[in-house]
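Notes for the structure review
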Amino acid sequence: KNEVSVAMDKGLFDKGQGVVYLHHALAAYQHWDEYINIVGGQYIETAFFDDPEMKGSTYKEDINIDVKVDPAEHPVTRGISDFAIYDEGYNYIKIIPSITPLLTTKHPDCTHTIAWAHKYKKSRIVYILLGHGPEAHEHPMFREIVRNAIIWVGEKNADM
């Protein structure tokens, strides 16, 4: 079993256990239909699907991404200002309509919404597309967003 199915078996999402997902987590569990609803999106690996019409996701390494913080008043983005980061971008990903965007970009090699929050069952979920390598991990804004996300998903009985 994987950590997500163990969490589901233990009913942690029903109990409100929050989760922060980073970067490559978007490409996990390609055949598990519920995973997109948990994370809020999915990187599409066409090799895992028997549909020649399906548009696959793409990635571009080593790009400078201008990041816009919106909304600035969300607990995950509070205290964060717009910034640039050297990282990897994903494009043509699926994102469920019920997410709340937190970070966006206009980079042509990256999907527009690059971080979001949403609720799965009783749990707060945050996904952050950033975080491919050491340059991103060392970036102070990336670290602050991850810190804020961990604190926010850990709060109990609070609204989105």
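Everything here concerns the structure above.
Counting restarts for each chain: residues are numbered from 1 in the order of the written sequence. Given that this is a predicted model, residues contribute local features only at a pLDDT of at least 70 and side-chain atom pairs are listed and counted only at 80 or more, while totals for whole chains, interfaces and linings are drawn from all residues. Water and hydrogen atoms play no part in the side-chain values, which are based on all heavy atoms of the structure.

Quick look at the pairing of strand β3 (residues 58-69)
As a reminder, the rule being used: One requirement defines pairing of two strands: DSSP has to find at least two bridges between them. Only DSSP runs of H or I covering at least 4 residues are called helices, and only runs of E covering at least 2 are called strands; the numbering of each starts at the N terminus.
In terms of strand pairing, β3 meets strand β4 (residues 83-91) through 8 bridges, oriented antiparallel. The residue bridging Tyr-59 from the neighbouring strand is Tyr-90, located in β4. With 2 bridges connecting them, β3 and strand β6 (residues 100-104) associate as antiparallel partners. Note on β6: the bridge partner recorded for Lys-68 is Thr-104.

Let's talk about unusual backbone geometry
Going by this rule: Working definition: with a 1.4 Å probe on protein chains only, accessible area under 20% of the residue-type maximum means buried, over 50% means exposed, and in between means partly exposed.
The omega torsion of the bond from Asp-70 to Pro-71 falls at 15°, within 30 degrees of zero and hence cis. Among the secondary structure elements, Pro-71 is positioned in the loop between β3 and β4. Unusually for a residue other than glycine, His-23 sits at a positive phi of about 30°. Structurally, His-23 can be placed in the loop between β1 (19-22) and α2 (35-39). His-23 gets classed as buried once you look at its relative accessible area, which sits at 2%. Unusually for a residue other than glycine, Tyr-29 sits at a positive phi of about 50°. Position of Tyr-29 among the secondary structure elements: in the loop between β1 and α2.

Remarks on the packing of aromatic side chains
Aromatic rings considered in pairs are described by the distance between their centres and by the relative angle of their planes. Quick note on the threshold: Planes of paired rings set the category: under 30 degrees apart is stacked, over 60 is edge-to-face and the rest tilted, where pairs are Phe, Tyr or Trp rings (Trp by its six-membered ring) whose centres lie within 6.5 Å.
Across all of its chains, the model carries 7 aromatic pairs by this definition. On the numbers, 6.2 Å between centres and 85° between planes, the contact of Tyr-21 with Tyr-35 is edge-to-face. Here the residue Tyr-21 occupies a position in strand β1, and Tyr-35 occupies one in helix α2, the gap between them amounting to 14 residues. Per residue, the accessibility class of Tyr-21 equals that of Tyr-35, and both read buried. Note on Trp-32 and Tyr-35: the rings are 6.0 Å apart at their centroids and 25° apart in plane angle, and the pair reads as stacked.

Here we look at helix α4 (residues 140-154)
The condition that has to hold: A helix is expected to span 1.5 Å multiplied by its residue count minus one. In this description, the arc belongs to the directions extending from the helix axis to the C-beta atoms. The contact criterion used is simple: two residues touch if any of their non-hydrogen atoms lie within 4.5 Å.
For α4, spanning 15 residues, the distance from its first C-alpha to its last is 21 Å, which sits close to the expected 21 Å at 1.5 Å a residue. Residues Phe-142, Ile-145, Val-146, Asn-148, Ala-149, Trp-152 and Val-153 constitute the buried set of α4. One side of α4 holds all its buried residues, which, seen down the axis, span an arc of 165°. Exposed side of α4, more than 90 degrees from the buried face: Pro-140 and Arg-143 are the residues found there. The inward-facing, buried residues of α4 contact β1, β4, β6, β7 (113-120), β8 (123-128) and α3 (134-137).

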